[in-house]
Each structure stands twice: as C-alpha cells, then as structure tokens.
Amino acid sequence: MDFTADSLLSRAAQVLGPKAGALVREMEDALRRDVPELWEDPDVLTSQNIAEHVATVLFALEHGPDRSLLEPPDADAEHARRLARHGKPVTAMLRAFRLGQGVVVARLLEEMPRLTSDPELISAAAGKLIGIATEYVDRTSERGVIAFQEERDRRLRWRLSVVNEASTRIGTTLDIARTLQELADLATEQFADLVTVDLLDSVLREPGTPAGGGPRALRRIAQKSAAGDSPEPTTEPRQLITYLLGSPPDRALATGRSARYDADASALIGLTGASPTTAEPGLAAGARRIHSTLVIPLRARGTTLGVAQFFRHRGTKPFDDGDLLFVQDIVARTAVAVDHALRFTQMRTAALALQRSLLPQRAPGHSAVEVARRYVPVDAELGVGGDWYDVIPLSGARVALVVGDVVGHGIQAAATMGRLRTAVRTLADIDLPPDELLTHLDDVVIRLSAETTATPDGQGTDPAEEGGGSARAGEGPAGGGGGPAGDGDGPNRGGDGDIGATCLYAVYDPVCRRCTLARAGHVLPAMVSRDGAVDILDLPPGPPLGLGGLPFEAAEVDLPDGSLLALYTDGLLVAHDRDVESGLAKLRHVLARTSVSLEATCDTVLDALLPARPDDDVALLLARTNGLGDRQVITWELEADPAAVSRARSSVSEQLTAWGLDELGFTAELVVSELVTNALRYGRPPIRLRLINDSTLLCEVSDDSNTTPHLRRARVFDEGGRGLLLVAQIARRWGTRHARRGKTVWAELDDGAGLPTPASL
C-alpha cells in the first residue's frame, strides 16, 4: 500500500485509536511521576482532561492535515484557571504538556515502521508529526498561560481589594477586642470558614512584656465561624487557654513564623487543643471536615502579641502559599492596630492614675460649705485634661474654693494642672488673699512657661518666632480674657511652648458670712440665693495667668446661709451651637430649678448644658454655705498690759466650760497664754483674742504688727524662745495669716492635744 506522509500519519493515528485508553494511562503515570504537584488537588488535572487531549490529537491526525481540528478542549482554559486558584506554578502545566507530547509522539513513531518500511517516508511523516505536535502544544500552552495569567491577575486584584478593605475595617477603634473581632469577621466573609484569635495573657496584663518559657497562657479574644456547617469553637471569649507544647500555635508563638498546614482530622484535634490534655470539643467534633489551616503570629515592634488561626473545611479548596502571604499582610496590619490599642491602654492607665493623683478624690468635710463637684474631660477615652477644682480648708474655719483651666488636653495639660494645683494649695496654706495669691500663681505660670520653651543649651525661645501668640485681657461683662467670659476657647491658645491658664479663687469666711473672690481670665461664677434667684457675680476682670505685669483685683460678696455658689470652667458654657452669653442664660435657668441635693444639681447642670461630645474639658464645683452661729464664736479685746494674759486665760476657761470642752481647758489656756504673751511683747495694739468652736477649737490672737513670729529651738540656758515651739507641739496645726493691717497667729486644738515630752522641747 502506497502512503504519503499525511496518509501514514492518519493510518498510525487510526491504528493507535483503539489503544487510546492505554495511552492515557501511560501519560497519567508519566505525569504523576514527573509533575506530582498537579495531582495534589483533584480538580487541577484529571484523567478525563488527559483523555480529551489524546482524543483531540488522534482525531486531527486521522482526518487529515486540517489544522482547525487541532483546537484544544474548551475545558482546558478552566483547568489553567484552577491551577492559578490553587497557587500552582504555570511551569508545571507547561512541563505536563511537553511530557504528554513526548508520550504521544513516541507511540505514533512506534506504529509507523509497522505500516511501511520506507525510511524516507517514515522520516517525512515523523518530521510532520513533530511539527503538528509542537504547534498543538504551543497553541494549548498559549491559551493555558493566558487563562492562568488572567486568573492570577484576578486573584491579585481580589487580594488587593481585601487588603484595602482590611485597612478600612480593622482597627477602627482603640478597643482590642473589637479590633480582633473585625479581623475574624472579615476573614470569615472573604477567605476562611473558621477564625480564632488569641492574645498572650502577659501582653494583656503588661503591654510590652515578652512571653517567658514553658506553656504560654493565652486568652481567646475573638472567634468567628462562617454560616453553614462550619465547626463551632466552644472556648468562650476572654477564657484562658494553653496550647500543647510543640503544636503549630505554640511553634508560631515561639518562633514568630507563620505556617500553612494541610492536616487530617487527628492532627487538627491536636492543632486546636485548648489545653495539654483536652482538645476543644467544638472543633474536635467538626475537625474531620477541616483540611487546611493557616497559623500566623501577631507581631509588632519585634514582640509577639498572640496567634491567629484560619481554617477551611472540605467544602472549600485548601490554602496555598499565596494565601499565606496575603493573610500575613492582613494579620500584620491587625497586629499594628492591636499594638496601638495596647499602648493606648497603657497610656490611658497611666493617665488615669496621674489624674486620680492630681484631683481630690473626695471633697474634704468642712462645716462652712457643703460641696459637690464634677470633672468631664473632652477626651472621654483618655480621661485626662487640664481643668481642675479644689476645696482647701483654711485657718479661722474658712474655706477656699478653686476652679482652674489649663490650655490643652491630655497628659501634658494634666501634668501642668497638677503643678498649678500644688502651687495654689501651697500659696493658700500661707493664707494669702485671693488677689495676691493669683499674682504669685501668675509668676509660677511664667516660670513654667520659660522652662517649657527653654532650648537644650538653656536659652529660651521666643514664642513669637514659633508662631505663638499670647492672650490679652479683654473687655466685657462676663470675662477678663476676651469676650464675655474669656475668649470662649480658654486662655492663650497660642505658641507651642507657652503655658496658659485661667483660675478663679474664692475664700468663704463662715464667721462674717462673706466671700472674697478674684479671677485670672476666668468665667464669672454664679450665686443662687435661698429664694432661687440666680445672679452672675460681677467680679473685676483679670488677665489669664502667664502674661505677667498686670494686676488682679478681689471683690467681696455677702453670702447668707444656704446660698449656693457655682464655679465652673468655660467648657460648661461654650459649645459649637452657642456662645458664652447663651450658655450663661441657660445656666441661670437650670440653677433656678436647683434641688436640695447638690449631687443631683450637678447632674442636672451637666445634662442640660453639655452636648453628647463636649468641645472642651469641664470642671464644676457647687458649694452651699453654712455660717457659724453667734454661740460658736467669741472675741475679746485685750489691753496692752501683762496682766491681760491671766485675764485671757480665765476668760478662755469659762468659755470652754460653757461649751462643754473642759477636757481642752488646760492646753487651750497654755496656748492662749503663749500667743497673747507673744503679741504683748512683739506686737502692737489693738490686741484681740478669738475662739471658734467648730469641728476643732480654734484660738486666734491678732495685733496690728506685721512682724511674723518664727519657730526656733531654744538653747539649754535660754530664758525664752520656747513659746511657739510649745504651741507647735500641742496644737494640731498652727500658723500666721496677714491682713491689710496686722496679722493673726492661730492654733487649732482637738481632743488629741496634749503636753509634749521634755525631750521635744
């Protein structure tokens, strides 16, 4: 039989057709041996796919040289896409095509010598066969590579979109649990059937603490199972768990490296074990459906914070290396957000501790006033700011009420506030009048501002050179810092180094029922009389603290018993929808409806004036006055005569008996004797002795001299110098306060007063 090259090829393909099954098996064996990665996933390459290629080639060779018959199967492109989805390299597909080409060509060449003995014809047919086979493989490879590339690009775009979505959905707050739950929610929506996230317990307790050796205690913070038949974990949120030593989560925590596992059910039970002896029951029950897992540690700033696990069950394809890298990126972003939240939590804890130490924790009990106070920081999460209040007991049964406002918010403002509050208490302890106290406090702020703006070489910087400004005392009925109640934004909101503050300092004397007030750029206080009438006290304006060179003035106001004095910062009045005048009008309306309880009044005021998110810190101090009765205070005018000392002792003894304080008689007579003697020897008339029967017994001796007595220790043979030392040993407290004319030396006695030991004198 005469053959041409084409007819010989056709006849060889026709003879090989009945043996196609064996040819497919041979090709499959070769592919399993040389390209095993294609057989790891059953839907990437199958025997059916090989048979389709073999049938296409044999059919085209058998029916002539029409190249249109050499079209690859339509399903081939889908197999290439599956290859990309499973993360297999495209080179594996190309190698498979070449191996298949070799097997088919070899079998056809074996058939040709059986059909003809003409070597030239066989050579010609072989050359044509190789050309046709190469063309088919090239065409098939080209279509496969295009489909592979399209699928890979599509998956890359999807991964980028998920990463972009993660950047907007994860870490929306500084709440650790919410951040990790956002990770779990996103993962189960996009690429996982089950997610668990655990943090090291040591990190939660002390952020920045590295995990020690041995089993690591973790807390389950977040978990999520996709809808359907996905296994459900039974570990409760915040539950303490410990993974098996050497388990994948434990290895991830120890090494800080991520890993991908394709495990069977028995391995997964160990993988998800919640303790060294017990696997997690919910996962153990559904572990046989789980076939792929990603275990990724959460690391930030070189510290391992915890571990996240992502599971897939039988209904979805396993994770690949591309998935591992992609999920690692999302987990790394989450770890940074968690680290920020941990650092914020640490900072907030420190800030709250600072704030607690700077503000009075409880209002001191004082007979002159009943007080209630509130502090509302603008940063409710951080919980600190620059506003403050204080209630300071003074000599003579008086009490000082203070409200202040430091520029800014946060820890820096709180630290400055603490320094100013300490300065106010120190200045109040030496009984300075309100206007003088603010003058000294102004100097303190100037010095603090100079320290803050100082450069490393000790030279200060000019605030004007840094774009800073300084507040100026303004004009207006309700404020001294610009506008009706200051400038609405508080004092000196200018330069970076400047420290600005406002302050209102009031001293209430329950004996004369009079209050002396002075302000430094602060909003005016309100006074509510017993009949409910509300007045905004008209105090002389004063500049904000820190300007220097400007005077402060005080004003006196009579406060009958039961009057309510309201002190506050401008954050209570000013809001985005109202100015100071509107705030004052609203405050007057609210205070006119005050209740008997000061605590309830505080809540009512804040609820009525503060928006849901205040624009500034708020400090509120309410004080209801209680004057001392005539029977609680007695005063004697003393002559400048040494005999007045004995008469003073007798008068004090009689008065203490009338008050039922005989147990204090001896010590009170001794203190009065020393104080009166001191006034007679070193002071100037007129000399006055006053006793105040309050929670303690107050003894006061006043004269017109401004000479301050000093405590000293007398030598062994000195005849004098022991009087004040004796008073200091007997009295609970003692001190000197100055007035416009003269001074008052006072001593406070209580039941614990007694004679000192000789050694102490």
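For the structure given in this document, a descriptive report is provided here. (Residues numbered from 1 in each chain as written. Predicted model: local features only at pLDDT ≥ 70, side-chain atom pairs only at ≥ 80, totals over all residues. Heavy atoms only, no water.)

**Comments concerning the overall build of the chain**
Of regular secondary structure, the chain possesses 19 helices and 22 strands. Put simply, the chain has 761 residues, and 50% of those count as buried. Here the contacts in the chain between residues at least 6 apart in sequence split such that 69% fall between residues at least 24 apart. Accessible surface, the chain as shown: approximately 34300 Å² in total, 51% of it carbon and sulfur. (Helix = DSSP H or I, 4+ residues; strand = E, 2+ residues; numbered from the N terminus. Buried < 20%, exposed > 50% of the residue type's maximum accessible area, 1.4 Å probe, protein only. Contact = heavy atoms within 4.5 Å. Areas by Shrake-Rupley, 256 points an atom, 1.4 Å probe, with all protein chains shown as cover.)

**A short note on the packing of helix 2 (residues 20–34) against helix 5 (residues 90–115)**
Packed helix pairs are specified by the crossing angle of their axes together with the interaxial distance, meaning the distance between the axes. Between helix 2 and helix 5, the shortest axis-to-axis distance is 10 Å and the interhelical angle comes to 140°. Our pair here, helix 2 against helix 5, has a crossing hand that is right-handed. Contact residues: Leu-23, Glu-26, Met-27, Ala-30, Leu-31 and Asp-34 in helix 2; Arg-95, Ala-96, Leu-99, Gly-100, Val-103, Val-104 and Arg-107 in helix 5. Class assignment of the residues belonging to the contact of helix 2 with helix 5 gives a composition of eight nonpolar, one polar and four charged. (Axes fitted to C-alpha atoms, helices over the stretch in contact; angles between N-to-C directions. Left-handed = near helix turned anticlockwise from the far one by under 90°. Nonpolar A, V, L, I, M, F, W, Y, C, P; charged D, E, K, R; others polar.)

**Quick notes on the sheet that holds strand 14 (residues 534–536)**
Across the sheet, five strands lie side by side as 7-17-16-13-14; this open sheet has antiparallel pairing. The open sheet has two free edges, formed respectively by strand 7 (369–376) and strand 14, since each of these has just one partner strand. When the angles between neighbouring strand axes are averaged without regard to direction, this sheet yields 15°. Pairing of strand 13 (residues 526–528) with strand 14 involves three bridges; the strand directions are antiparallel. Bridge pairing in strand 14 places Ala-526 opposite Ile-536. Sheet strands in contact with helix 15 (residues 580–591) are strand 13, strand 14 and strand 16 (564–568), and its direction is about 150° off that of strand 14. Here helix 16 (residues 598–609) sits on the sheet in contact with strand 7, strand 16 and strand 17 (618–625), set at roughly 35° to strand 7. (Pairing = 2+ DSSP bridges.)

**Quick word on unusual backbone geometry**
In this structure, the amide linkage connecting Pro-685 to the following residue, Pro-686, adopts the cis form with an omega of 0°. Topologically, Pro-686 is positioned in the loop between helix 18 (665–682) and strand 19 (687–693). Of note in the backbone geometry, Arg-301 takes a positive phi value of approximately 50° without being a glycine. Along the chain, Arg-301 falls in the loop between strand 5 (290–300) and strand 6 (303–313). By relative accessible area, Arg-301 is classed as exposed at 60%. The phi dihedral of Arg-513 is positive, around 55°, even though this residue is not glycine.

**A look at the layout of surface pockets**
Computed from the structure, the largest pocket encloses a volume of approximately 900 Å³. In terms of lining, the largest pocket is formed by 30 residues, of which the most central are Arg-398, Asp-509, Glu-556, Arg-737 and Ala-739. Of all the elements in the fold, those that place two or more residues in the lining of the largest pocket are helix 14 (434–453), strand 11 (501–509), strand 12 (514–520), strand 15 (554–558), strand 19, strand 20 (697–703), strand 21 (733–738) and strand 22 (743–749). Ranked by residue count, the leading element in the lining of the largest pocket is strand 20, at four residues. Among the residues forming the lining of the largest pocket, the class breakdown is 10 nonpolar, six polar and 14 charged. (1 Å grid on protein atoms, 1.4 Å probe; cavity = no way out; pocket = protein on both sides within 12 Å on 5 of 7 lines; lining within 4 Å. Points joined across faces, edges and corners; volume = space filled by probe spheres on them.)

**A few points about the pattern of salt bridges**
Going through the model one piece at a time under the given rule, you end up with 45 salt bridges. Taking the shortest distance from any N to any O, the salt bridge between Arg-107 and Glu-110 comes out at 2.9 Å. Separated by three residues within a single helix, Arg-107 and Glu-110 lie in helix 5, roughly one turn from each other. The exposure class of Arg-107 is partly exposed, given its relative accessible area of 22%. A cluster of three or more residues bridged by salt bridges with shared partners is formed by Arg-155, Arg-159, Arg-312, Asp-320 and Asp-323. (Salt bridge = Lys/Arg side-chain N within 4 Å of Asp/Glu carboxyl O.)

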